[in-house]
Amino acid sequence: MKKRIVLVTGASGYLGGRLCHQLFNGGHHVKAFVRRTSDLSSLPPPTDGGSSGGTLELVFGDVTDYQSLLLACSGCHDIFHSAALVEPWLPDPSRFSSVNVGGLKNVLQAYKETGTIEKIVYTSSFFALGSTDGYVADETQTHSGKVFCTEYEKSKVVADKVALDAASEGMPIVPVYPGVIYGPGKVTAGNIVARMIIERFNGRLPGYIGQANDRFSFSHVDDVVDGHIAAMDKGKPGERYLLTGENASFKEVFDIAAMITRTKKPLFGIPLLIIEAYGWISVLFSKLTGKLPLISPPICYSGVDSGAFAFGSMCDTLLS
Ligand SMILES: NC(=O)c1ccc[n+]([C@@H]2O[C@H](COP(=O)([O-])OP(=O)(O)OC[C@H]3O[C@@H](n4cnc5c(N)ncnc54)[C@H](OP(=O)(O)O)[C@@H]3O)[C@@H](O)[C@H]2O)c1
């Protein structure tokens, strides 16, 4: 990728932060779109040139505030749109739509008005492709659009359609589909693997969660970052690119964590009924304290439901 002026939304997030580092190290001018309230600890310090020649500028706004986004887009060549509300539950469910769908629509509108933007890479999700019921799916997989485990899932499905419709109207948008992201980085609502492991080792999650045959595609965060950059370099607008990895269950994740830390594996699986009850209690607790839950009913942990989301590995056309 040649030196570019690049806007990254969701820059303060788990994925966005690592993406900003990579773009910065690649010598680009990174405009990190953050909120006034965002924790900026995972971003490179704003600077006028590191050893790589990269620069980072903070631009403040909110994806639901069109004017702030338009201002941030000014002079940019490329946009990585990664901002989203990645939560299992929110007291006001309409926020999923306003941020995850409305935010994308605002990015597309800003693209039209700005006139300098050549490409948009949109971070979709394996959730937008739907459950694969056990088989290993590819880019042709589509969501049934009938059952949504969470409002988050629904918003990612709707946003995916917005992105594909925009591409068919000629806009240069490339949607990418990470699996469950894991690996080093900030512990945020989106970093579900780290949060689960923290719960496990703090004794708050005594057993396995999910069924052994519920498999998810797990993607290392740095591979997901590389996939985003490759999509910017080589991705064809409107073409879907899976940024997926190994298909495994959360049971295997806990077993690997036990092996690495030389601790005991969980001795039992937590029955779904108990997880469901825990989800309801968490939501009730959240209403009282304002602290958002890790698990929400119906049996969804950060949007991950008890289904199978198995995908073929990361798209070869991007990585070759
Ligand atoms: N994590 C995964 O396993 C996974 C899997 C597949 C796809 N994805 C997708 O990857 C993207 C990044 O996820 P993540 O895991 O990095 O999530 P994350 O750590 O929770 O980060 C979300 C980012 O979005 C920002 N954001 C939220 N609402 C915003 C608003 N109204 N205006 C501007 N910024 C806003 C947050 O800002 P604050 O810091 O201010 O809150 C944060 O920077 C999302 O689009 C998600 O759907 C994630």
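Residues numbered from 1 in each chain as written. Predicted model: local features only at pLDDT ≥ 70, side-chain atom pairs only at ≥ 80, totals over all residues.

By the naming in an unreviewed UniProt entry, the chain goes by Dihydroflavonol-4-reductase isoform X2 and is assigned to Nicotiana tabacum.

Visitor: In this structure, what is going on with the sheet that holds strand β1 (residues 5-9)? I would like to understand it.
Guide: Pairing between sheet strands relies on hydrogen bonds along the backbone, with the strands arranged either parallel or antiparallel. Spatially, the 7 strands line up as an open sheet ordered β3-β2-β1-β4-β5-β6-β9, and their pairing is parallel. Of all the strands in the sheet, just β3 (55-60) and β9 (241-243) have a single pairing partner and so form its edges. Sheet twist, expressed as the mean angle between neighbouring strand axes with direction ignored, is 20°. Of the pairings in the sheet, the one linking β1 to strand β2 (residues 29-34) comprises 5 bridges and is parallel in character. Note that in β2 the partner of Leu-7 across the bridge is Lys-31. Sheet strands in contact with helix α4 (residues 151-168) are β5 (119-123) and β6 (173-178), and its direction is about 150° off that of β6. (Pairing = 2+ DSSP bridges. Helix = DSSP H or I, 4+ residues; strand = E, 2+ residues; numbered from the N terminus. Axes fitted to C-alpha atoms, helices over the stretch in contact; angles between N-to-C directions. Contact = placed C-beta atoms within 7 Å.)

Visitor: So what exactly am I meant to see when it comes to helix α5 (residues 192-201) here?
Guide: Because an α-helix completes one turn every 3.6 residues, residues spaced three or four positions apart along the sequence face the same direction. When α5 is considered as a whole, its buried residues turn out to be Ile-192, Val-193, Met-196, Ile-197 and Arg-200. Buried residues of α5 fall within an arc of 135° about the axis and therefore sit on the same side. (Buried ≥ 20, exposed ≤ 12 C-beta atoms within 10 Å, placed from the backbone. Arc of directions from axis to C-beta.)

Visitor: Whenever I open this one, the nonpolar core confuses me. Can you help?
Guide: For soluble globular proteins, the rule of thumb is that nonpolar side chains tend to be buried together. Ranked by internal contacts, the top residues of the largest apolar core, which has 86 residues, are Val-8, Cys-20 and Ala-32. Ranked by residue count, the leading element in this core is helix α3 (residues 94-114), at 8 residues. Setting aside residues up to four positions removed in sequence, Cys-20 forms contacts with Val-8, Ala-11, Val-30, Ala-32, Leu-43, Pro-44 and Leu-56. (Core = buried A, V, L, I, M, F, W, Y, C linked by C-beta atoms within 7 Å.)

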